[in-house]
Each structure stands twice: as C-alpha cells, then as structure tokens.
Amino acid sequence: MDIVNSFEIENEVFYYYDLEKVIKNNTRLKKLPIVLKILLESNLRKANSFQEFESIINIFTNRLNSKIKFYPSRVIMQDFTGVPALVDLASMRDVIDQYGLDPKEINPQVMVDLVIDHSLNISSFGTNESSEINLEKELETYKDRFKFVKWANSAFSNFRVIPPGSGICHQVNLEFLSTILHVEKIEEKYFLYPETIVGTDSHTTMINSLGVLGWSVEGVQAQSSMLGLPISFNLPKVIGVNLHGMLKEGITSSDLVLTLTSILKKHGVDKKLVEFYGTGLKYLTLEDRSIVSNMAPEYGAVCSFFAIDNQTISYFNKTRDNEDYGKLIKEYLKRQNLFYNPEEILSYDEIIDLDLSSLEPTIAGPKRPQDRLEIKGLKDIVITNKGRFLKDADIVLAAITSCSSTSNPYLLIHAALVAKKAYEFGLKVNSHIKTSLAPGSLVVKEYLEKLGLLKYLEAIGFHIVGYGCATCYGNSGELDENVEDEIKQNNLNICSVTSGNRNFEGKIHSLIKSNYLMSPSLIIVYSLIGTMKFDLFDGVLGLIDDKDIRLKDLWPTNQEVGEYMQQLDYTLYKQIYKNIFKGNQFWQNLEVSNTPVYNWDENSNYIQPSKLFDELTKDKIKIEKAGILAMLGDSISTDDISPLGQIPLYSTAAKYLESRGVKSFEYNTYASRRGNSQIMLRGLFENIKQNLMVSKEGGYTMDYEAGEIVSIYEKSEKYKSQNRDLIIFAGKDYGVGNTRDWAAKGTKLLGVKAVIAKSFDPIHRVNLISFGVLPLEFIDDDVKSLKLKGNEEISIFSEEIKEHSIVMATIHKNGLDILVDLKCRLENNEEVNYYKNGGVLSYLLKKMVK
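Predicted, not measured: the structure shown is a model, and the values here were computed from it.

A. Quick look at the packing of helix H28 (residues 741-749) against helix H29 (residues 762-770). In contact at an axis separation of 9 Å, H28 and H29 are set at 40° when each is read in the N-to-C sense. Between H28 and H29, the crossing angle belongs to the class labelled oblique. Crossing hand, H28 versus H29: right-handed. Where H28 approaches H29, its residues Ala 743, Ala 744 and Thr 747 are matched on the opposing element by His 764, Asn 767 and Leu 768. Within the contact of H28 with H29, the residues separate by chemical class into three nonpolar, three polar and no charged.

B. Spotlight on the pattern of salt bridges. Counting across every chain of the model gives 34 salt bridges. The residue Asp 553 makes a salt bridge to Lys 547 at a minimum N-O spacing of 3.8 Å. When its relative accessible area of 16% is taken as the criterion, Asp 553 is described as buried. Residue Lys 547 is classed as partly exposed on the basis of its relative accessible area of 38%. Put simply, Arg 765, Glu 777, Arg 825, Glu 827 and Glu 831 are held in one network by salt bridges that share partners.

C. Region of the structure containing the environment of Thr 141. Structurally, the position occupied by Thr 141 is in helix H5 (residues 130-141). Separated by 527 residues in sequence, Thr 141 and Asn 668 place their C-alpha atoms 9.8 Å apart. Each residue touching Thr 141, except ones within four places of it in the same chain, is listed here: Tyr 606 and Asn 668. At 2.8 Å, the side chain of Thr 141 and the backbone oxygen of Lys 137 are in polar contact.

D. Geometry of the packing of aromatic side chains. Overall, the coordinates contain 28 aromatic pairs when judged by the stated rule. Between Phe 80 and Tyr 142, the ring centres sit 6.3 Å apart and the planes meet at 70°, which makes this aromatic pair edge-to-face. Taken together, the residues Phe 80 in helix H4 (residues 79-98) and Tyr 142 in the loop between H5 and helix H6 (143-155) connect sequence positions 62 residues apart. Considering the side-chain rings of Tyr 142 and Tyr 606, the 5.4 Å spacing of their centres and the 70° angle between planes classify their relative orientation as edge-to-face. Of this pair, Tyr 142 sits in the loop between H5 and H6 while Tyr 606 sits in the loop between helix H23 (585-589) and strand E24 (621-631), and the two are 464 residues apart along the sequence. Across the pair, Tyr 606 and Tyr 142 agree in class, each one buried.

E. Structural detail: the pairing of strand E14 (residues 303-306). Across the two faces of E14 the burial is the same, with Cys 303 and Phe 305 and Ser 304 and Phe 306 all buried. In the sheet, strand E13 (residues 273-277) pairs with E14 via four bridges, with the strands oriented parallel. Each bridged residue has a counterpart across the sheet, and for Phe 276 the counterpart in E14 is Phe 306.

F. Structural detail: the sheet that holds strand E6 (residues 159-162). Pairing is parallel across the open sheet formed by five strands, whose spatial order is E6-E5-E4-E9-E10. Only two strands of the sheet have a single partner each, and these edge strands are E6 and strand E10 (213-216). Each adjacent strand pair in this sheet contributes to an overall mean axis angle of 20°, direction not counted. Where strand E4 (residues 74-78) lies against strand E9 (residues 196-199), three bridges are found, and the strand directions are parallel. Residue pairing across strands places Arg 74 opposite Ile 197, the latter belonging to E9. Strand contacts of H4: E4, strand E5 (111-115) and E6, with the helix running at about 115° to E4, the strand carrying the most contacts.

G. Expanded view of the nonpolar core. Tyr 526 and Tyr 734 are the most contacted members of the largest nonpolar core, which totals 276 residues. Looking at this core, the element that brings in the most residues is H4, giving 10 residues. Among residues more than four places away in sequence, those in contact with Tyr 734 are Leu 632, Ile 636, Ile 641, Phe 685, Ile 728, Val 755, Ala 757, Ser 759, Phe 760, Asp 761 and His 764. Formed by 12 residues, the second largest nonpolar core is a distinct cluster that contains Leu 397, Leu 479, Leu 492 and Ile 512.

H. Representation of the sheet that holds strand E15 (residues 350-355). Across the sheet, four strands lie side by side as E14-E13-E12-E15; this open sheet has parallel pairing. Of all strands in the sheet, those with a lone pairing partner are E14 and E15, marking the two edges. Within the sheet, the average angular offset between the axes of one strand and its neighbour, ignoring direction, is 25°. Summarising the sheet, strand E12 (residues 238-244) and E13 pair through five bridges and their orientation is parallel. Bridge pairing links Asn 242 to Tyr 277 in E13. The strands that helix H9 (residues 253-267) touches are E12, E13 and E15; relative to E15, the one it contacts most, it runs at about 150°.

I. Geometry of helix H8 (residues 219-226). Where burial is concerned, most of H8 is hidden: seven out of the eight residues are buried. Among the residues making up H8, those that are buried are Gly 219, Val 220, Ala 222, Gln 223, Ser 224, Ser 225 and Met 226.

J. Expanded view of unusual backbone geometry. The linkage connecting Gly 365 with the following residue, Pro 366, adopts the cis geometry, with an omega of 5°. Structurally, the position occupied by Pro 366 is in the loop between strand E16 (363-364) and strand E17 (372-373). For Asn 11, which is not a glycine, the phi torsion comes out positive at approximately 65°. Looking at where Asn 11 falls in the secondary structure, it is placed in the loop between strand E1 (4-9) and strand E2 (12-17).

K. Here's a closer look at helix H18 (residues 481-490). Within H18 the residues assigned to the buried category are Val 483, Glu 484, Glu 486 and Ile 487. All buried residues of H18 fall inside an arc of 160° around its axis, so they share one side. Facing away from the buried side of H18 by over 90 degrees, the exposed positions are Glu 481, Lys 488 and Gln 489. In this structure, the buried residues of H18 make contact with strand E18 (395-401).

L. Highlighting the pairing of strand E8 (residues 189-194). The pairing of E2 with E8 spans two bridges and is parallel. Paired with Tyr 15 across the strands is Phe 191, a residue of E8. In this sheet, E8 lies alongside strand E7 (residues 181-186) in antiparallel orientation, the contact comprising six bridges. Opposite Val 183, over in E8, you have Leu 192 as the bridge partner. Hairpin geometry of E7 and E8 is characterised by an intervening segment of two residues between the two adjacent antiparallel strands and by a positive phi of about 50° at Glu 187.

M. Looking closely at the side chain of Asn 337. With respect to the helices and strands, the residue Asn 337 is situated in the loop between helix H13 (323-335) and E15. Among the residues examined, Asn 337 registers a relative accessible area of 12% and is labelled buried. In contact with Asn 337, not counting residues within four places along its chain, are Glu 20, Ile 23, Lys 30, Ile 34, Lys 37 and Glu 344.

N. The arrangement of the packing of helix H15 (residues 409-425) against helix H21 (residues 558-566) in detail. Interhelical geometry of H15 versus H21 gives an angle of 115° and a closest axis separation of 10 Å. Comparing their axes, H21 and H15 come out roughly perpendicular. Crossing angle aside, the handedness with which H15 passes H21 is right-handed. Here Pro 409, Tyr 410, Ile 413, His 414, Leu 417, Lys 420 and Lys 421 of H15 lie close against H21, whose contacting residues are Asn 558, Glu 560, Val 561, Tyr 564 and Met 565. Of the residues assigned to the contact of H15 with H21, the class counts are seven nonpolar, two polar and three charged.

Conventions adopted
Residues numbered from 1 in each chain as written. Predicted model: local features only at pLDDT ≥ 70, side-chain atom pairs only at ≥ 80, totals over all residues. Heavy atoms only, no water. Axes fitted to C-alpha atoms, helices over the stretch in contact; angles between N-to-C directions. Helix = DSSP H or I, 4+ residues; strand = E, 2+ residues; numbered from the N terminus. Parallel < 35°, antiparallel > 145°, perpendicular 65-115°, else oblique. Left-handed = near helix turned anticlockwise from the far one by under 90°. Contact = heavy atoms within 4.5 Å. Nonpolar A, V, L, I, M, F, W, Y, C, P; charged D, E, K, R; others polar. Salt bridge = Lys/Arg side-chain N within 4 Å of Asp/Glu carboxyl O. Buried < 20%, exposed > 50% of the residue type's maximum accessible area, 1.4 Å probe, protein only. Polar contact = N/O pair within 3.5 Å; in protein donor to acceptor, adjacent residues only side chain to side chain. Phe/Tyr/Trp six-rings, centres within 6.5 Å; stacked < 30°, edge-to-face > 60°. Pairing = 2+ DSSP bridges. Core = buried A, V, L, I, M, F, W, Y, C linked by side-chain atoms within 4.5 Å. Arc of directions from axis to C-beta.

Geometric values such as these leave the question of function open.
If you want it as structure tokens, here you go:
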C-alpha cells in the first residue's frame, strides 16, 4: 500500500508516510496512544512487503503481544558507556584493514552524539575556582580516553562529540541536539518522520518530555543501532496517566516527580510505556515535564512520554530560535495525528489518575527513590550513635545536581531566592557539609548571573563545581578527612541531600548510608539546618534580632519566582550552544592522528582494542570436553558479573595496574576503565558472593588440575592458551538487573562458549547471543540434582543450530557419561544467525568482507 504523501510549507515540498491513510482503513488505530502511533509509523515505513505491512497493521490494531521493531534515527551516548562502543567500532576497522579493505567502510549509519559528561569528580568545592580546578583534573586523568574520542570524532562520519565541561548529555539533548523531526533526503525528495532515539545512559528517557520517543539501551544494542540494525521487542503495554488540577502555591515539580515515582512504582509499570494526558498538562512547563521523563528508570517504565503540544513548540522555538522549523513540526504532527489533542480520547491499557492540587512537599529516601517520606515524621528519627561533632542523621553532603533538576530554571531560581533570603538573614550552612552546584548546562550559570542570583548561592557555599554528571553518578569526591574519620570511628548513619535521581545506599558516597532526594530549595534549607532530624514546618532555623526564622520566611512565593522568570533571556541558549562542539583550549590543543585506523597506545590503561571477532561461521553446536569456570546460584546480577565500582586493593585488576606502574590511589573505578578489556576481564565475577566450586567470596574458582584456588581470569587464560572450551553453570534468573554489555562481552572474552542456567533474565539472554555465547536452560535437572562439583567436563553437540530446539549435553564425571537434555534459548532466526557468526559485530563484519 502506497502511503506516501506530501505538503508544501514556505515554498518547500516535504514528503511523509501518511498515517491518516492507514487510519481511514483501520479506524481503531485512531485511538492508539501517540507513543504507539510513532512506533506504527516507523514499522510501516520500513516494511519490506505487502504481507509485512498487513501484519504490522494487525499487530497494532489488535494490540497483539507480537514482535515489532524500533528504528532509532539517532543515538546519544555519554562517555563512560559510549567509549567501549567506540572501541569496538575502531577494533572492527582494524579487522577490515587486515583484510585489505577500506576501514572507512565502518561508520555509524545513523547520527551518533557523544557528550563527555561522566568524567567529572568533585575534588574541589566551595570556591569560585572549583569548576576550573575540577575540569583540569578531569582533563589530565582521562587524557588517553579523550584523545581516542577526538580521533573518533574526525575518523568516523555521522559522529559528533561535545567536549568535557559542556553539560550533561540529557540536558544538552533537550536544549540543543534534538530536532523533534528527522529530515532525510531520498532521491532528491525531503522525507519527514519523527525523531527517535536510543541512548547508553539510563536517563535517556528525559527526551520524551520533548515528544521525542527514546529510551536507554546497553552497549551491544547501541552498537547495533549505530550500524543500522533495528531493535526487536514485543508490542508494549501503555499506561495512561491523567493529570488534572494544578500545583498549589509553594509546590514544585520536584514534589511532583517524587510523588509520581512512588505512585508508578507501586502501581507496577515495569517494561511498559507511560503516556501523560489531561487538563493538568497546560500547567506544566516543558522543563517540569523533563524531570518526570528523566525519572522513568526509577519507577521502572521504559519511557514516560509527553505528546507535543503548544508548550513543546514554544520551548523549542525559544531555545533554538527557529520559528519556521517550529511551524514545520506542528504542520507535520497535525497531519499525522501526533500533535496533542485534549479533546481526543485515546485507548490505554491502564489508566492512573492524579490530581496535581493534592500534592504536598515531598522528600524521598533514605535508600530508594520510590520511598516517599512523611516530612513531619523526620523529626522523630532515632539517634543511636554520636561522635565528637557529628551524630546519626547529620548531613555531610548537599548537592544541587543532575539534569533532572538543573534543566528547570524555575527550580533553580526558586532555590537561589531561598539562598538570597538566607544570606540576608545571616544564616550559614554547617561547615562540615560538602556543598556543590553541578548544572547540566552552561546556560544555568549565564542566566543566574544575569538575574543577579548566582552570588547568593555562592555566598552560602553552593559554588558551581563543574558541568557534568557528578554526585548522582557517585562522583561526589572525598569528604573532609576529619568527617570521614568521625563517621568510621563511630559507625554513624549520616546523610546526604541531593536533587539527583538515585539515592541507593553507597551510591552517593561509600560512607553515607542515608540519602534523601528533594528539590534544590529544600537542599539549601536542610543544609542550613544540618540534620534530617528536624521539624521542617514548625522548627526554628535560626534566631536573628530576636526573630525566629522559619521555613515560611525563606520560601519564595510563585509570584516572586515568576517575576524573575519573566526576565529570563532565552537568547542565551543560542549563544551558549553556538560553539559547543569546539571545546576549551585543552580540547582544541589535543593532538590526534588523522588516520582511518586508531594508533593504539600499548601504555594506555584506559583504552585498548577489543578482540571480539570470530572468523569461523558455525553450522553446528560443538563444545567438546569443556571445563567448568564457575557454578553460581540464583539471581546472579549483571553487577555481580561485571562490577562498575572502585577497583579494590589486592584484586586481580589491581595487581595488573600495579604491574603497569599505577598507584593505588589512581586505580579509579571499573566504569572509568570500560574501554580497556584487560582491566574489565580481570574484574569479572568479582562481586559474586560464592562460586559453588570454592568457599572464597569474589571472582575465584578451582583449578582442579593444579589443585588450587585461582582467579576466574587465571583459569580462563590457562584454558585459552590450551585452546580448550569453558562453560558456566547458574541457577534461576541469571543476569538480572540493569543491562550491562560487559557482563556478556566479558563472558565471551573469557572463552566461555555456553551458560547453562535454570532461567535467564530476558535482556541478558539476548546480550549473550549478541556476543556469540550460547544460552542453554535445564529442563528437569540442575547443578544440585546432578551433584556437580566443578571438576567435570561437559560436551554439547547438535548437528544443526535452530530456534527452540532441545540439545543433548554429556557430563563426563568420574569415568561415567551422564546425558542431560537442555533447552536451546535461541528464539528466532535473527538470534540463530548472530550465534552462528559469533555475535552481532562478527556477523556484520562477515557481511562486509565477503
């Protein structure tokens, strides 16, 4: 069916795939939520046959639990997760070059943006120079990584880099990078379709506030998208959230998002899409919506979507200063039934109702973002331990941070007015509190300065420490040495207050057990108080000239904030982003080679090539007398398999770094060294509580031939040197938790040919296949029933590789052969092809070198 149509605007003709034509013949599609209409358009646009076209319409019309595809038009990455993906692409170029082919053939097929925002660490704070000091340290620490990224910027097409010190990827995406529509030139015709995004950071979902459908993926899916492959998944359920009423005086969007996080988490929205509608939308600015969309991972949704309306167009025009393009967006969306229409009733799988006028001031914590607290109850916190100058419930870290709040001028102006009133009253922040302001955009400093408000934040200690993802990612830096000693010596349950999106124990700082999420304004108030044990609404914050200073004396009215909002100069956005790709002098002076393949530096401890690519293509399953690398229990998480935290002293990775002259205080985290497979391999399985083959915790196993306990890495290297296979046994739900590419990639690089488990996390199962590792499931047996010890050998043969098959494993045990049926968890032809070829990247390479 030909559904191409066109329209003319400003003397330019644009073509598009007309959903209205499809809806006329299938009227039930008109009631689809807008998120599903966006998916429908892309699937119809990419259909290769009339049969596929009709099948897609049937799936969406009847909301079937069937496979559809997501075709991202752009990929956005932050540096910690993006650099490993680039290392693999650069390594693919090495292979192509070895075959005598043009390495420039390896390029992203869609636009890829990498924003360097996760390298900031807050070592300096409390001064006007803190931002510059922290940036200089960041640039020096990660110089190897930045050189590689700058090379990639010049070597790859369809690839752009925003240098360090420029902001957080989600906020930069919202304020500058996103175009809402994608324009593609095909045979001299300009085609329009909705911009769609995947990102390598969990909070990629923030862009849904702009009406752009997007969510997070882990490394291999991002690489697949970069190379033009779609992402397959079953048609998701959509939860409609009906917002009505308006926020009361004094209530902010921070209160809204923490309330919604609690409500949606309790309702259960895991693996579902959330779409907002209702009369309350007109009272929420685009920046208010951005906080809600940002927090989608915290309540489990794939994304939280706001359809484009006049608020969206207004924000886009103001930040981009391009009203003609705004007209084009609106014209296209209205023709496609994708522009928000409050009169239209759409069909959601479930509906949640929220009256905005019912919201109260909200704090979440102390260990999970969905745990909304009764603020009045905080005054009753029980104090158990006391030190010389600190006690339980005292605050030692206060951070106005994260793109989730600093993208909203209203919240920051509100907070700055609280600081102004506190300064004028003579109130001060407790000296033992580490304070910081880490905006997600350079624009924040500019408008706060122009409004004359930044000086008040600085006066009470909240100086800008940099522009990046800092405290909410765990890069809060060290506390004062005396504070750390006090906490350790007295086992204190002390607190942090932040405006970020995550507050798990140990996430903000390893010594801080209780972490509270709140608005930037409340962060300032609690910093003045110094403890969470306080009656916020009736307690006295200070005594000035015999006057009791209470919360109401500091809290600005909506009118006060509104007067400053009226003065906000939106031309700042265009000025700031005009030269955003140039970077500072350090970046501009960073010299890199102008070569199609990267000149790897063997002395680098941050960047090394990956060796992922299989030359042979399998036509049968043949694993012969494989050794057992590990026998693991239930619910082994991706964090157990591939940790991201601090590299521990005396670990296998630490010993390697020490051998290369790296001092212990320079070890850094596994996350920071994800571009170096030598480090990551040595850290695999470090977090597991127990490998059943040994009594020792961590990444250890038994080498039965040598009769000694060795690291998992050491046994892997021994077997690889002898060209022998390895397998892993596990219990239920193997690979649960956040998707993490190294949990699968590392398994492949250890030489593991198959993982045999009771069951798999669905995403991790796919990731294993994507790297050429075979997932097999027990049918009737398990490690316990088979009485395995770990000294057995395993052979697995099958003359063919096909989906949903049963394969036979032979366990060679004490001279006996035990036969076991296993379910092969290859579930479609695509997965079969990937496994046969050693994974997605090997599959793509082989297509190129044939």
